[in-house]
Amino acid sequence: MAALFIVLEGIDGSGKTTQGDLLWAHFQRQGMAAVLSPEPTNGPVGRLIRQALQGDLFAYNDAQQFEAQMGYLFAADRHYHLYNPGDGVESQLARQCHVITTRYYFSSFAYNCHTEADWEFVQRLNQSFPHPDCVIYLDLPVDLALKRLGDRQQRNDQSPRECYEQREKLTSVHQNYERIFAHYPGQCCRLDASLSVEQLHQAIVTKIEEML
Ligand SMILES: Nc1ncnc2c1ncn2[C@@H]1O[C@H](COP(=O)(O)OP(=O)(O)OP(=O)(O)O)[C@@H](O)[C@H]1O
Ligand SMILES: Cc1cn([C@H]2C[C@H](O)[C@@H](COP(=O)(O)O)O2)c(=O)[nH]c1=O
């Protein structure tokens, strides 16, 4: 059985981390090797991205210039994510280890594109990267996402709020996801992310087990 490259996508607060952790634990219980491998990564470019998202880095006044810079950085981080010899996706799959990533190039289209020129630009930056075996889109209404992010922020008031976690941006991101998945040719599964944690986990496991 070939190892799977599985992507979880969705707006901030949709439950990607929660579901990724549960799917990883499911694989472990089944005696299958699996790794959680999020984007942005914890590699050098990923750490730079985190600084930028927390507003600590660039002094762009123009939002489009900021997004173009982020598009380059995310593509560079994705190359590292896929091909770094230590724990890159390619080497994990070669070791028969499933890879569960929260976010992939879909997020670059969703978050870093505002014009048709942006879509073409992000397409060029990511065109050489492989499609995953399956992308699971956790579809959550923006209002519910904002509530969850607020609740999470109250519980972990140490974690800085990131620049994209606000209504107007997440509304635009949600619309971009609709466009992406209306045309995506690969294996894709859209799930209602407002389901309970356990219901959503079971739906994901059912989808993945169809592929094993
Ligand atoms: N199905 C669910 N029902 C209710 N709350 C949930 C559900 N899934 C996750 N949550 C809660 O919502 C918040 C966001 O979840 P999580 O961190 O998994 O989302 P995320 O998509 O990884 O977010 P981000 O993209 O911001 O990292 C957390 O506080 C989590 O406990
Ligand atoms: C991969 C990727 C991510 N982003 C944005 C989306 C999020 O707001 C942040 C951090 O991601 P997290 O899941 O909240 O940890 O990064 C992006 O703009 N473009 C991308 O390609």
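Described in the following lines is the structure provided in the data block. (Residues numbered from 1 in each chain as written. Chains lettered and ligands numbered in written order. Predicted model: local features only at pLDDT ≥ 70, side-chain atom pairs only at ≥ 80, totals over all residues. Heavy atoms only, no water.)

Opposite charge on two side chains allows them to pair when their charged atoms are near. Going through the model one piece at a time under the given rule, you end up with nine salt bridges. In this structure, D151 and K147 form a salt bridge, with 2.7 Å as the shortest nitrogen-oxygen distance. Remark: K147 and D151 occur in helix α7 (residues 142-155); sequence separation between them is four residues, near one turn of the helix. On the basis of relative accessibility, which here comes to 30%, the residue D151 falls in the partly exposed class. Among the salt bridges present, the one from R190 reaches E178, with a minimum N-O distance of 2.9 Å. Residue R190 is located in strand β5 (residues 188-192), and its partner E178 is located in helix α8 (residues 167-183); the two are separated by 12 residues in the primary sequence. Bridged by salt links that share partners, the residues E9, D12 and R103 form one connected network. (Salt bridge = Lys/Arg side-chain N within 4 Å of Asp/Glu carboxyl O. Helix = DSSP H or I, 4+ residues; strand = E, 2+ residues; numbered from the N terminus. Buried < 20%, exposed > 50% of the residue type's maximum accessible area, 1.4 Å probe, protein only.)

Turning next to the sheet that holds strand β2 (residues 34-36). Taken in spatial order, the five strands make up an open sheet running β2-β3-β1-β4-β5, and their pairing is parallel. Taken across any chain shown, the strands that pair with only one partner, and hence form the sheet edges, are β2 and β5. The average undirected angle you get between the axes of adjacent strands in this sheet is 20 degrees. Note that strand β4 (residues 134-139) and β5 share five bridges and pair parallel. (Pairing = 2+ DSSP bridges. Axes fitted to C-alpha atoms, helices over the stretch in contact; angles between N-to-C directions.)

On to the site of ligand 2, then. With respect to spatial proximity, 14 residues lie near ligand 2, and among them R50, R78, R103, S108 and N112 are the closest. Side-chain polar atom of R50 to an oxygen atom of ligand 2: 2.6 Å apart, as the coordinates give it. With respect to ligand 2, the side chain of R78 contributes an N or O atom lying 2.9 Å from an oxygen atom. Taken by itself ligand 2 offers 470 Å² of open surface, and the protein chains cover 91% of this. At the level of secondary structure, the elements contributing two or more residues to the shell around ligand 2 comprise α2 (44-53), α3 (63-83) and α5 (105-112). The dominant element in the shell around ligand 2, judged by the number of residues it contributes, is α5, at four residues. Grouping the constituent residues of the shell around ligand 2 by class yields five nonpolar, three polar and six charged. (Near = heavy atom within 4 Å. Polar contact = N/O pair within 3.5 Å; in protein donor to acceptor, adjacent residues only side chain to side chain. Areas by Shrake-Rupley, 256 points an atom, 1.4 Å probe, with all protein chains shown as cover. Nonpolar A, V, L, I, M, F, W, Y, C, P; charged D, E, K, R; others polar.)

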